[in-house]
Amino acid sequence: MLIKRAPDIRSSEITDKKLYLNRREFIRATSVTAAAAAVGVLGADTLIAAKGAPHGRKLENIQKSRFSTTEKLNAWEDITSYNNYYEFGVDKDAPADQSRNFKTQPWTVTVDGECNKKGAMNLEDVLKGETLEERIYRHRCVEAWSMIIPWVGFPLANFIKKCEPTSKAKYIEFTTLYDSKQMPGTRVPVLRWPYVEGLRMDEALHPLTILVVGLYDEVLPNQDGAPLRLAVPWKYGFKHIKSIVKVKFTEKQPYNTWQEQAPNEYGFYANVNPTVDHPRWSQATERRIGEFLRRKTLMFNGYGDQVASLYSGMDLRRNY
Ligand SMILES: Nc1nc2c(c(=O)[nH]1)N[C@H]1C(S)=C(S)[C@@H](COP(=O)(O)O)O[C@H]1N2
Ligand SMILES: [Mo]
């Protein structure tokens, strides 16, 4: 009953069959729902790793989402070896290497600002009651490359409800862990640490906005932002903040890291917009990782039908 998707082709394709079955036996014995499995698996980190799972740990009972795109997925290898995560180095292949021993367990998210439930929440409580969904999203980096990524997560709106924001909460600000012992990239002042991002409350509550804990039915790899990262598919990649340790509800618009770094190049909204170029390069086209010919970039990364109304009346040239 727990193992609903028995001939899971993708997983069996990419995982050695025997190890795959071992992992499934373990999950069969421990999990009830996908969220419980996530907690169980995240909690049993070392145990599963000891079984030698080739890349990550399986999450079970993941629901399909109607918000998924049907485009061809990027391979696990693309998504886990070509990363932006400056805390682990500025080269695309650095995070996979440098985040190998990053400790994601135990994990605490601090809730602060304009809400009733201020304080520390452990990851288990963040996941409590959630049904995990596979959300196949387009990801468009401001550097003009893109991928199709099968995230596993749940609506950020669910988490926000748990925090009980007050009527003064107009924005939400996220902060990444800043631990120079574990994050060698932070010993270099390429950005002001910790990494900070923000969303307007209506963007944060939008059903497309999710908190991510998995990739390809497995626990999220460290280089992709484990144990908890954001995905907002109509925005450029830098809004997708990784390894979140703090969530703060604010009255004023947060000042995000890349805006601070270069305000003429990166704004707060960062909606994918092929008509507004980056000052140093065009945003009209993109290179899908794994493809040769460039594609046309779509307004709002192709999510315009769902999100354009959030910005009606706004000058998207000024609010880039
Ligand atoms: N903390 C943190 N989050 C981050 C970044 C970063 O450097 N640090 N890079 C961002 C950028 S520019 C992109 S494109 C995405 C990349 O996510 P991925 O590596 O999972 O594809 O992460 C975003 N989140
Ligand atoms: Mo990016």
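Since the structure is predicted, the reported quantities are computational estimates derived from the model, not experimental observations.

1. Considerations on unusual backbone geometry
And step 1. Geometrically, the link from Gln105 to Pro106 is a cis peptide bond, its omega value of -5 degrees lying close to zero.
And step 2. Tracing the sequence through the fold places Pro106 in the loop between α6 (94-98) and β2 (108-113).
And step 3. Residue Pro227 follows Ala226 across a cis peptide bond; omega there is 5 degrees.
And step 4. If you check the backbone angles, Glu164 has positive phi at about 50 degrees while not being a glycine.
And step 5. Of note, Glu164 is situated in the loop between α8 (156-163) and β6 (171-176).
And step 6. For Glu164, a relative accessible area of 34% gives the class partly exposed.

2. Quick notes on the side chain of Glu203
And step 1. Among the secondary structure elements, Glu203 is positioned in helix α9 (residues 201-205).
And step 2. Excluding anything up to four places from it in sequence, Glu203 contacts Thr209, Trp234, Lys235, Phe268, Tyr269, Asn271, Leu310 and Tyr311.

3. Structural notes on the site of ligand 1
And step 1. What surrounds ligand 1 is a group of 17 residues, the closest being Asn83, Tyr86, Glu87, Asp224 and Lys242.
And step 2. Asn83 is positioned such that a nitrogen or oxygen atom in its side chain is 2.8 Å from an oxygen atom of ligand 1.
And step 3. Between ligand 1 and Arg229, the relevant distance is 3.0 Å, taken from an oxygen atom to a side-chain nitrogen or oxygen of the residue.
And step 4. In the complex, 98% of the free accessible area of ligand 1, which totals 540 Å², lies under the protein chains.
And step 5. Because more than half of its atoms lie within 2 Å of the grid, ligand 1 is assigned to the second largest pocket.
And step 6. Residue composition of the shell around ligand 1, grouped by class: seven nonpolar, six polar and four charged.

4. Thoughts on the side chain of Thr69
And step 1. Here Thr69 lies in the loop between β1 (63-64) and α5 (76-81).
And step 2. Engagement of the side chain of Thr69 in a polar contact is seen with the side chain of Glu71, the distance being 2.9 Å.

5. Considering the pairing of strand β8 (residues 210-215)
And step 1. Counting buried positions along β8 gives six out of six residues, so the element sits mostly inside the fold.
And step 2. As paired strands, strand β5 (residues 145-155) and β8 are joined by five bridges and run antiparallel to one another. Directly across from Phe154, in β8, lies its bridge partner Leu211.
And step 3. Pairing analysis gives three bridges linking β8 to strand β10 (residues 229-231), with the strands arranged antiparallel.

6. Points about the layout of surface pockets
And step 1. When its volume is computed, the second largest pocket comes out at roughly 470 Å³.
And step 2. Here the lining of the second largest pocket gets four residues from one element, more than from any other, and that element is β5.
And step 3. Across the lining of the second largest pocket, the residue classes break down as 15 nonpolar, six polar and seven charged.

Calculation criteria
- Residues numbered from 1 in each chain as written.
- Chains lettered and ligands numbered in written order.
- Predicted model: local features only at pLDDT ≥ 70, side-chain atom pairs only at ≥ 80, totals over all residues.
- Heavy atoms only, no water.
- Helix = DSSP H or I, 4+ residues; strand = E, 2+ residues; numbered from the N terminus.
- Buried < 20%, exposed > 50% of the residue type's maximum accessible area, 1.4 Å probe, protein only.
- Contact = heavy atoms within 4.5 Å.
- Near = heavy atom within 4 Å.
- Polar contact = N/O pair within 3.5 Å; in protein donor to acceptor, adjacent residues only side chain to side chain.
- Areas by Shrake-Rupley, 256 points an atom, 1.4 Å probe, with all protein chains shown as cover.
- 1 Å grid on protein atoms, 1.4 Å probe; cavity = no way out; pocket = protein on both sides within 12 Å on 5 of 7 lines; lining within 4 Å.
- Sits in = over half its atoms within 2 Å of the grid points.
- Nonpolar A, V, L, I, M, F, W, Y, C, P; charged D, E, K, R; others polar.
- Pairing = 2+ DSSP bridges.
- Points joined across faces, edges and corners; volume = space filled by probe spheres on them.

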